[in-house]
Amino acid sequence: METKDMMMTSMLTMDKGENEGERDKEREDMGGEDDGTQRENGRLMLADGLADRGPKSMTSGSGQQVSNGFTTSTPQSPRESPGTAACAAGTASGPGGGTGSSAPLGGLRTLMVQQTSLDRPRETWSKKMDFLLSVIGYAVDLGNVWRFPYICYQNGGGAFLLPYLLMAVFGGVPLFYMELALGQFHRSGCISIWKHICPIFKGIGFAICIIALYVAFYYNTIMAWALYYLLSSFRPTLPWSTCTNPWNTANCNRYMSSDHNVSWSNTSTSPAEEFYTRQVLQVHLSPGLHELGSISWQLALCLLFIFTIVYFSIWKGVKTSGKVVWVTATFPYLVLLILLIRGATLPGAWRGVVFYLKPDWEKLLSTTVWIDAAAQIFFSLGPGFGVLLAFASYNPFHNNCYKDALVTSSVNCLTSFLSGFVIFTVLGYMAEMRQQNVDAVAKDAGPSLLFIIYAEAIANMPAATFFAIIFFLMIIMLGLDSTFAGLEGVITAMLDEFPHLLVKRREWFVFGLVCVCYLGALSTLTYGGAYVVKLFEEYATGPAVITVVLLEVIAVSWFYGTNRFCNDVQVMLGFYPGCFWRVCWVAICPCFLLFIIISFLAFPPEVRLFEYQYPPWTTVLGYCIGVSSFICVPAYMVYYLLNAKGTFKQRLLKSITPVPSGDSHRDFIVTNAV
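Residues numbered from 1 in each chain as written. Predicted model: local features only at pLDDT ≥ 70, side-chain atom pairs only at ≥ 80, totals over all residues. Heavy atoms only, no water.

Side note on unusual backbone geometry
- The phi dihedral of Arg187 falls on the positive side, at around 50°, and the residue is not glycine.
- Tracing the backbone through its elements, the reader meets Arg187 in the loop between α6 (161-186) and α7 (203-232).
- A relative accessible area of 12% places Arg187 in the buried class.
- With phi around 55°, Ala463 is a residue other than glycine that occupies positive phi space.
- Counting through the fold element by element, Ala463 comes out in the loop between α17 (447-459) and α18 (464-497). (Helix = DSSP H or I, 4+ residues; strand = E, 2+ residues; numbered from the N terminus. Buried < 20%, exposed > 50% of the residue type's maximum accessible area, 1.4 Å probe, protein only.)

Quick look at the structure:
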């Protein structure tokens, strides 16, 4: 047997005539705990106060299962009537929390005996704030800074906030809440959790792990670019502020309103653009994806340093990463506040804010706006990557994950909104200095918005070196905690699936995983690496992860059952999810995700980077990369049905029948003591 359980049973003799001193002495013999309190491993627990913590669905009956892993067993003595055991369990805790209500039983009190395991107890967060900061750090990433502001002004400014909030309330937040509740109840990673929900969907967990690897292949390269900028910032004159560097061309123009002798033409390029494309990326040395060129050794060293930080932050588990996020999750907010104050004091800042928030209500009639709103809130909150399941699995069983979901998702959305002011106050300043419209300045999206437009604006500010250092340090911090989270999702999944093989070798497994991620990222460090990053971003993760989450919602709501899931939530939190959440999980969330998938298939993105137009064969390559992760789902279904025993009907029934998660949390047996 993989797990050996010990049943601790005891008989506690209590007489109504005993004085309070004797009762206190017996309580001390049991560990000095009060009747309704708990210790972490192996103790007796008096049922007084059970009503305060337990679910209202716990009733009498021999061996009745309350939820996955929670059973009641009430053996009756010959002297008891059939209702005695239930009475003892149900009335031991009276309104006053004492034992007066059990007087008719002649001093009988109900004991709950805990079943413990000889296996190593599951690791937990040191503090509640470690968990919250980890989730916030995961959700608030680079996309909040560059993607949301750009999408907002492109889709109607202030009018975009309406579809964004609607998609958040009816789609994003319910998915976020569902994943936190699933992870906390079953205390498992994204692979092993499926045997407790719907075993035939276990392939979803493997697909999630592959998607997380694809993200690690390109996402950390962006941090390597930021590190290159950071190291280049430690000099009096920033290298992207002049046109006198070896990498500059004859078209380089430092065009500001103070430069009266400089004329700007359609062929002109800014020094910030040439530093980014010709010095950092060196894309001019690669004609396209068909010929990537050699690896940039500078970026290879930068990425090696990034992965070194990642390894030593997550190698010991959430005990170490939970401490690191106190810096990586909070520092960006300090920098955003500093940059917001600085941006608001720049000339022309108001022009950028007006451009950012001026509503264009007619754009709400366009389907594209609603597609962008749904995609933005989905990728911003980040369900489906296995991270929320992993983080929540390290929570105490009765942690209020409902409140956590509301708090962290609200912080994420507000951070996106705040980032818009930080970006557009500076874009307004750039428009004022160039004597152009804001839309002419804000034509770049994605990383170019940060590494070209914002970097150039910083270079023209007073104290440019200081602002450049803190800005690119913020970019690195935003990326680091998202990487911590993504890899922790994979690590937790694998350790829970293969505990006897990997649990005692966690450090070596994490080292191997980081090495695989580094080797997989080498293609993004070539001269044409930026083209690879764009390809991965557009095809490798987006459609695949949305499809995976759609199947996850269907498996939980329709196969596992919304009622069963809501009962699980009630066991944990003490209250039953409301009608709004149940409707969202059953109907609205699947429609929300299906809407994004159909929109992506109906309107495939036109992939373009700088002057390079991606050829048709790259689209096929992109879809193949995306399908390579999703194929795990049908492949595992076939594998499961072929290896199960019995008739096809029996196999099918077994494949959708959840296994009680008795190993996920402790079992409680209710017994009587005389």
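Now that the structure has been shown, we can carry on.
Looking at a nonpolar patch on the surface
- A surface patch of nonpolar side chains, about 550 Å² in accessible area, is lined by Leu162, Leu166, Val169, Phe170, Trp361 and Phe580.
- Here the nonpolar patch gets four residues from one element, more than from any other, and that element is α6.
- Structurally, the position occupied by Phe170 is in helix α6.
- Overall, Phe170 belongs to the partly exposed group, its relative accessible area being 34%. (Patch = residues over 30% accessible without salt bridge, like charges linked within 9 Å, V, L, I, M, F, W, Y side chains within 5 Å. Areas by Shrake-Rupley, 256 points an atom, 1.4 Å probe, with all protein chains shown as cover. Salt bridge = Lys/Arg side-chain N within 4 Å of Asp/Glu carboxyl O.)

Looking at helix α20 (residues 506-520)
- For α20, spanning 15 residues, the distance from its first C-alpha to its last is 21 Å, which sits close to the expected 21 Å at 1.5 Å a residue.
- The set of residues buried in α20 consists of Arg506, Phe509, Val510, Leu513, Val514, Cys517 and Tyr518. (Expected span 1.5 Å × (residues − 1).)

Looking at the UniProt feature "binding site: Na(+)" (unreviewed entry) in the chain
- When the UniProt feature table is mapped onto this chain numbering, "binding site: Na(+)" (unreviewed entry) sits at Gly137, Ala139, Val140, Asn144, Ser380, Asn412, Leu478, Asp481 and Ser482. Despite a sequence span of 346 residues, these residues sit close together in the fold, their greatest C-alpha distance being 13.9 Å.
- Along the chain, Asn144 falls in helix α5 (residues 142-154).
- Exposure remark for Asn144: the relative accessible area of 0% places this residue in the buried category.
- Asn144 has contacts with Ala139, Pro149, Ser380, Asn412, Ser416 and Ser419, leaving out every residue within four places of it along the chain.
- Here Asn412 takes part through its side chain, which lies 3.1 Å from a polar atom of the side chain of Asn144.
- Structurally, Ser380 can be placed in helix α13 (residues 367-381).
- Its relative accessible area of 4% is what places Ser380 among the buried residues.
- Apart from the residues lying within four places of it in its own chain, the contact partners of Ser380 are Ala139, Asn144, Asn412 and Ser416. (UniProt positions renumbered as here; feature names shortened; annotations may be inferred. Contact = heavy atoms within 4.5 Å. Polar contact = N/O pair within 3.5 Å; in protein donor to acceptor, adjacent residues only side chain to side chain.)

Quick look at the nonpolar core
- Judged by nonpolar contacts, the single largest core of 201 residues is most densely connected at Trp225 and Trp240.
- Here this core takes 26 residues from helix α21 (residues 529-573), the largest share from any one element.
- In contact with Trp225, not counting residues within four places along its chain, are Tyr276, Val280, Leu281, Leu299, Pro447, Phe451, Ala530 and Val533. (Core = buried A, V, L, I, M, F, W, Y, C linked by side-chain atoms within 4.5 Å.)

Quick word on the packing of α6 against helix α15 (residues 401-434)
- Taken N-terminus to C-terminus, the directions of α6 and α15 make an angle of 140°; their axes are 9 Å apart at the nearest point. Helix-helix and strand crossings are classified by hand; for α6 and α15 the assignment is right-handed. Contacts between α6 and α15 involve Leu161, Tyr164, Val173, Phe176, Tyr177, Leu180, Ala181 and Gln184 from the first element and Cys401, Tyr402, Asp404, Ala405, Leu406, Thr408, Ser409, Cys413, Ser416 and Phe417 from the second.
- For the contact of α6 with α15, the class distribution of residues is 13 nonpolar, four polar and one charged. (Axes fitted to C-alpha atoms, helices over the stretch in contact; angles between N-to-C directions. Left-handed = near helix turned anticlockwise from the far one by under 90°. Nonpolar A, V, L, I, M, F, W, Y, C, P; charged D, E, K, R; others polar.)

Structural notes on the packing of aromatic side chains
- Summed over the entire model, instances satisfying the criterion amount to 61 aromatic pairs.
- Each ring, one from Tyr531 and one from Tyr612, has its centre 4.6 Å from the other, and the planes form 40°; the classification is tilted. Residue Tyr531 is located in helix α21, and its partner Tyr612 is located in strand β7 (residues 612-613); the two are separated by 81 residues in the primary sequence.
- Owing to a relative accessible area of 5%, Tyr531 belongs among the buried residues under this scheme.
- Seen in terms of ring centroids, Tyr531 and Tyr614 are 6.4 Å apart; in terms of plane orientation they differ by 90°. Their pairing is edge-to-face. Pair noted here: Tyr531 is in helix α21 and Tyr614 is in the loop between β7 and α23 (616-630), with a separation of 83 residues, a long-range link.
- Tyr614 gets classed as buried once you look at its relative accessible area, which sits at 8%. (Phe/Tyr/Trp six-rings, centres within 6.5 Å; stacked < 30°, edge-to-face > 60°.)

Digging into the state of the cysteines
- Counted under the stated rule, the structure contains one disulfide.
- Two residues, Cys243 and Cys252, share a disulfide whose sulfurs are 2.0 Å apart. Residues Cys243 and Cys252 are joined through a disulfide that is left-handed, its torsion about the S-S bond being -70°.
- Its relative accessible area of 26% is what places Cys243 among the partly exposed residues.
- The class of Cys252 is buried, set by a relative accessible area of 8%. (Disulfide = S-S within 2.5 Å.)

What about the pattern of salt bridges?
- Evaluated as defined, the whole model comprises 10 salt bridges.
- Two residues, Glu537 and Arg147, come together in a salt bridge whose shortest N-O distance is 3.2 Å. Taken together, the positions of Glu537 in helix α21 and Arg147 in helix α5 put the pair 390 residues apart, joining distant regions of the chain.
- Close ionic contact of Glu488 with Arg506 constitutes a salt bridge, the shortest N to O distance being 3.0 Å. You can see Glu488 sitting in helix α18 and its partner Arg506 sitting in helix α20, a full 18 residues away along the chain.

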